[in-house]
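As a plain string of letters, each chain reads:
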Amino acid sequence: MSADLKNGRIVVVGASLAGLRAAEKLRDEGFTGSLTMVGEESQLPYDRPPLSKQVLLGRVRAEDTGLPRRREVGAQWKLGIRATGVDPIGKHLVLADGEQLPYDRLLIATGTRARPWPNPGEGALDGVFTLRTSDDAARLAERFDAGPRRVLVIGAGFTGSEIASACRERGLEVTVAERGPAPLVGALGGALGALAARLQLAHGVDLRCGVTVTALNGRNGRLTGAELSDGSRIEADVAVVALGAMRNTEWLAASGLAAGPRGLACDAGCRAFDMYGIVTDDVFVAGDVARFPHPLFEYQMLSLEHWGNAVEQAEVAAHNMVNPGPLRRPHLAVPAFWSSQFGLNIKSVGVPTFSDQVVIAQGSLEERRLVAVYGYRGRITAAVSVNRAKWLEHYQRLIETAAPFPPEPAAVDQPASSTPVPSDVPDPKLLSHGPTVALTGHQPDRRLTLMRWSG
Amino acid sequence: MAADTLYRRITDHANRADPYPLYAELREHGVARQEDGTYLVGTYHEIAELLHDPRISSDQRNRTNPDEFALGREGMPVSFIGLDDPEHDRLRRIAMRPFGPPHTPGRVDALTGEIAKVAEQLIDSFRDRDRIDLVDDFAYPLPVTVICRVLGVPREDEPRFHAWSQTIIDSFDPTPGTDPTERRRAGLDARSAMGEYLGDLADHRRGRQSDDLLTAFVNDPGPEGGFTREELMTTSVLLLIAGHETTVNLITNGMLTLLRHPEALDLLRREPALMPRAVEELLRYEPPVQLLPQRSPLTDVEVAGVTVPKGSPLILVLASGNRDPQRFHDPDRFDPTRQDNQHFGFGSGVHSCFGAPLARVEAQIALTELVRRLDAPRVVEDPPPYRRSPILRGPRHLLVEYGGTRP
Amino acid sequence: MKIVVDLNRCQGYAQCAFLAPQVFEMHGEEALRYTPLAPEDQSERVRRAAAACPVQAILVEEEAGPGVR
């Protein structure tokens with residue numbers, strides 16, 4: 001087998017955004033061999049961001065978020081079946097029905113799943129939901145259509161906050177319970193967390209921060225409410241568990257690959273590491289399941305649950321799968337994501353949690369139009385805009401060039417006082433919602449991932 | 001020739017018909033400092049960075065030597081095009097409320113039928129002729145009729161506001177070396193007169209119902225409060241001028257380009273569905289707004305290795321960026337099917353063109369109808385005579401002969 | 001027709017919301033919402049919207065025909 005594989009067999013496991021874009025890119029690169037796409041869900045690749053927005057609002061049916069293709073991929077699709085293992089010596093993927101799919105190159109893009117409610121009995125109550133898949137969204141939207149008296153959202157990360165926003169827009173009463181001090185604080189730190197809290201309250205969300213849900217109550221198998229750690233009780237007929245995501249790596253436990261709860265580790269070229277830290281040459285990783293080093297963040301390993309990362313990393317992986325070593329590319333894209341909630345457009349570049357300070361560089365929290373710039377040890381590492389997206393690419397360039405923090409105090413729409421303050425990114429173990437960006441590197445004082453297997 | 005005379009040469013009317021070799025020369029030099037301390041930028045990536053750089057102001061007051069005539073005057077201050085956020089953003093938001101999303105999302109889409117009708121009637125009048133001036137007979141009256149309709153300005157007042165508009169645009173003619181004082185004073189007078197005219201029109205709409213912008217500005221100010229009378233005047237002047245002095249060039253430059261590329265014209269006649277992309281290519285290839293003359297940095301800013309000092313005039317030559325081979329494949333080729341086409345036809349960043357969607361729809365309809373209905377059109381004089389302005393560049397007249405019109 | 005918008009690229013210029021208001025909608029001043037599966041009678045408007053996007057963020061797949069796999 002030559003290093004620049006244009007023929008032969010490629011198997012992609014994980015048939016969502018990363019898998020699809022990788023398949024398209026493989027064909028763009030001139031790969032003419034056999035391509036097999038394996039997906040646990042039975043649908044063709046679909047887009048997830050609308051699930052917590054348009055779908056929950058009842059404006060779009062969950063089954064109507066299928067991803068458009070950039071081109072034909074000419075693949076064999078094996079959908080609705082799980083992959084259960086990899087034999088790296090025999091070079092085949094094993095499926096749940098025992099079928100073995102031989103490969104010359106394998107791309108692992110199995111993504112994440114919603115972290116379930118830790119008490120399985122309570123989690124099984126009718127009315128308790130998670131939101132990750134199209135089916136999840138369809139069920140939840142149907143329940144919202146029925147007009148529940150109150151929705152309880154457990155966890156105020158991006159997903160939980162967007163669900164709460166959709167509830168309010170539909171006129172549904174909603175309680176949000178978050179163990180941390182504010183919504184979004186795990187991703188954006190203290191200043192914007194405080195803004196998010198004010199926003200939720202202004203939109204009529206019953207926001208409870210600094211509390212945990214200690215029990216979900218039910219009667220006759222149906223959810224009736226919840227008990228909180230502060231002793232209060234909430235009556236609710238729907239609860240959405242938005243505790244973050246778990247990476248789908250368990251199926252790789254016997255593969256010899258460097259797979260664990262933080263993801264599957266790979267190099268900057270998306271090649272998977274084995275458990276000894278030796279890079280493989282035929283197994284590649286992309287999307288939410290990947291854990292990769294990034295030079296802008298001191299080569300710490302990053303795990304990103306970002307739409308854009310899935311696309312960009314898939315393209316790099318696909319390119320590298322079929323090109324010889326010297327032509328391979330690194331995956332160096334600056335992390336970026338967006339969220340829309342309560343009428344605001346929140347966009348981020350860089351890694352806001354990789355920071356010690358933050359400054360409002362343009363606009364103001366009061367106006368709810370601003371750019372916040374994050375710094376770590378004197379250089380700019382992230383920026384977040386709220387309804388100010390048109391400036392963001394400037395700050396992305398500052399991140400890419402490791403520009404000094406704080407940024408020069410000369411900008412249009414600059415606040416009267418722009419003094420950096422601590423960014424107040426809490427330790428994730430203090431939060432209900434898991435981090436959507438996890439730095440899993442070498443800083444013993446910052447434990448930024450949760451290492452908790454659900455019971 | 002020396003790069004420090006580039007702006008003089010670009011603004012020289014003798015070069016109006018084909019400024020593109022000068023733009024190529026500008027790109028060769030990267031950032032070109034001019035004799036008078038003005039900085040010209042003509043490369044795509046640098047322009048893109050500057051349009052999104054918050055250290056770059058659009059407000060003359062941030063210049064070391066502000067142009068006093070560009071500051072407006074008492075009672076008639078600058079419009080949002082010459083302001084920075086948050087004022088720029090606030091005024092633009094108020095203006096947007098009756099024009100587009102999120103408050104009035106369907107406005108432009110709902111106008112397409114009326115625009116098509118205007119185009120149809122204008123072309124109907126060509127039936128018994130074999131020669132038209134595309135500018136005077138079509139490309140000017142179409143957008144004027146539309147902007148009058150949108151703003152709520154009586155169409156029959158066109159001679160009045162057109163004279164003001166010409167005086168205002170001439171007053172901003174940046175040709176270095178000419179004495180602008182008289183022109184500038186006349187421009188300010190015309191602006192005040194136009195502002196009073198529009199302000200009076202708006203005053204008479206108070207308490208009335210009509211779906212035009214002037215009526216909406218006075219009757220539906222929105223939750224954060226509407227315009228003051230001064231703001232209404234300056235904003236309405238801006239919209240009226242922009243609405244009828246730019247689209248005319250897009251349509252005329254567009255038709256001239258199609259007449260120069262008969263194979264493209266044939267393609268669009270056969271496949272009118274390609275017109276939206278073709279209009280984007282026209283916006284890249286022959287943009288109606290060639291350059292943005294009024295930026296300046298709030299601090300020393302490094303652009304492609306050159307330090308542009310705080311307060312210097314900084315001119316972004318959009319039309320040059322649109323032809324940058326570092327960004328566009330084969331940039332001097334007109335390709336109506338071009339896919340990768342992130343052009344600066346409407347600028348970019350927070351000041352990107354307010355009326356862009358309207359201009360797009362007008363140009364798409366206008367060109368589709370011209371291409372469809374004129375048989376064997378050809379240019380009589382190429383290059384045609386050009387208008388004076390190097391900023392709003394387009395032919396003053398474009399004589400077109402044709403074999404007949406189709407229904 | 002299937003649509004996806006790269007909302008990392010999107011900067012809220014709202015051209016799509018002007019040109020195809022039944023498919024693209026602004027939520028507040030800057031956040032875009034859209035219908036990922038647009039009805040066929042909106043095809044022409046969607047094509048115009050995609051062509052007009054100043055940051056080229058809109059991907060459209062015309063027909064889910066036999067080439068779907």
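These figures come from a predicted structure and were not determined experimentally.

### With respect to the domain arrangement of chain A
Residue and element names in this part refer to chain A.
Working step 1: Parsing chain A into structural domains produces domain 1 (9-113 + 246-321), domain 2 (116-243) and domain 3 (336-352 + 354-424).
Working step 2: Each of domain 1 and domain 3 was reduced to a C-alpha centroid, and the two centroids are 32 Å apart.
Working step 3: The interface of domain 1 with domain 3 comprises six residues on the first partner and six residues on the second.
Working step 4: When the residues that make up the side of domain 1 that touches domain 3 are grouped by side-chain class, the tally is three nonpolar, two polar and one charged.

### Some points on the sheet that holds strand 5 (residues 292-297) of chain B
Residues and elements named next belong to chain B.
Working step 1: Judged by pairing direction, the sheet is mixed, and its five strands sit side by side in the order 1-2-8-5-3 without closing on themselves. Strands at the two margins of the open sheet, each flanked by one partner only, are strand 1 (31-33) and strand 3 (56-57).
Working step 2: Pairing geometry for strand 3 and strand 5, over two bridges, is antiparallel. Within strand 5, the position partnered with Ile 56 by the bridge is Pro 297.

### Examining the interface of chain B and chain A
Accessible area lost when the parts come together is the quantity often used to give the size of an interface.
Working step 1: Facing 13 residues of chain B, the contacting portion of chain A comprises eleven residues.
Working step 2: Residues of the side of chain B that touches chain A, tallied by class, amount to four nonpolar, four polar and five charged.

### Topic: the environment of B:Arg229
All names here are of chain B.
Working step 1: Here Arg 229 lies in helix 11 (residues 229-245).
Working step 2: By the C-beta count within 10 Å, which is 14 here, Arg 229 ends up partly exposed.
Working step 3: Measuring from C-alpha to C-alpha, the distance between Arg 229 and Gly 199 comes to 6.8 Å, with 30 residues separating the pair along the chain.

### A short note on unusual backbone geometry
Working step 1: Residues A:Phe405 and A:Pro406 are joined by a peptide bond in cis, for which omega reads 0°.
Working step 2: Among the secondary structure elements, A:Pro406 is positioned in the loop between helix 8 (392-400) and strand 29 (421-422).
Working step 3: At the junction of B:Asp85 and B:Pro86, the peptide bond is cis and its omega measures out at 5° in the coordinates.
Working step 4: In this structure, B:Pro86 sits in the loop between strand 3 and helix 4 (87-96).
Working step 5: A positive phi is found at A:Lys91, a non-glycine position, where the angle reads about 55°.
Working step 6: Checked against the element boundaries, A:Lys91 lands in the loop between strand 4 (83-87) and strand 5 (92-95).
Working step 7: Phi angles above zero are rare outside glycine, and A:Phe342 is one such case at about 50°.
Working step 8: By the secondary structure assignment, A:Phe342 is in the loop between strand 24 (336-341) and strand 25 (344-350).
Working step 9: Judged by the 22 C-beta atoms lying within 10 Å of it, A:Phe342 is buried.

### Some points on the interface of chain A and chain C
Working step 1: Across the contact, 25 residues belong to chain A and 21 residues belong to chain C.
Working step 2: Per-element tally for the side of chain A that touches chain C: the top contributor is strand 24 of chain A, with three residues.
Working step 3: Classifying every residue of the side of chain A that touches chain C by side-chain character gives ten nonpolar, eight polar and seven charged.

### Some points on the confidence of the model for chain A
Working step 1: Looking at chain A as a whole, the pLDDT averages 93, with 95% of positions reaching at least 70.
Working step 2: In the model, residues 442-455 of chain A has pLDDT below 50 throughout and makes 22 contacts with residues more than four positions away in sequence or in other chains.

### A closer look at helix 4 (residues 158-169) of chain A
Along an α-helix, residues three or four apart share an orientation, since each turn contains 3.6 residues.
All names here are of chain A.
Working step 1: Counted at 1.5 Å a residue, the expected span for helix 4 with its twelve residues is 16 Å, and the 16 Å between its end C-alpha atoms agrees.
Working step 2: The element helix 4 is largely enclosed, with a buried count of ten among its twelve residues.
Working step 3: All buried positions along helix 4 are accounted for by Phe 158, Thr 159, Gly 160, Ser 161, Glu 162, Ile 163, Ala 164, Ser 165, Ala 166 and Cys 167.
Working step 4: Of the surrounding secondary structure, the elements contacted by the buried residues of helix 4 are strand 10 (151-154), strand 11 (174-178), helix 5 (185-188), helix 6 (190-202), strand 16 (238-241) and strand 24.
Working step 5: Of the residues flanking the end of helix 4, it is Gly 171, one or two places downstream, whose phi is positive at about 80°.

### With respect to the nonpolar core
Working step 1: In terms of nonpolar packing, the biggest core is built from 253 residues, with A:Val240, A:Leu264 and A:Ala286 touching the most fellow members.
Working step 2: Per-element accounting of this core gives the leading share, ten residues, to helix 16 (residues 356-373) of chain B.
Working step 3: Residues in contact with A:Leu264, not counting those within four places in the same chain, are A:Ile108, A:Thr249, A:Leu252, A:Leu257, A:Ala258, A:Ala259, A:Ala272, A:Val285, A:Val289, A:Ala290 and A:Arg291.
Working step 4: Residues B:Ile56, B:Ile315, B:Val317 and B:Ala319 belong to the second largest nonpolar core, which totals 30 residues.

The rules we used
Residues numbered from 1 in each chain as written. Chains lettered and ligands numbered in written order. Predicted model: local features only at pLDDT ≥ 70, side-chain atom pairs only at ≥ 80, totals over all residues. Domains from an automatic or database assignment. Contact = placed C-beta atoms within 7 Å. Nonpolar A, V, L, I, M, F, W, Y, C, P; charged D, E, K, R; others polar. Pairing = 2+ DSSP bridges. Helix = DSSP H or I, 4+ residues; strand = E, 2+ residues; numbered from the N terminus. Buried ≥ 20, exposed ≤ 12 C-beta atoms within 10 Å, placed from the backbone. pLDDT = per-residue confidence, 0-100. Expected span 1.5 Å × (residues − 1). Core = buried A, V, L, I, M, F, W, Y, C linked by C-beta atoms within 7 Å.

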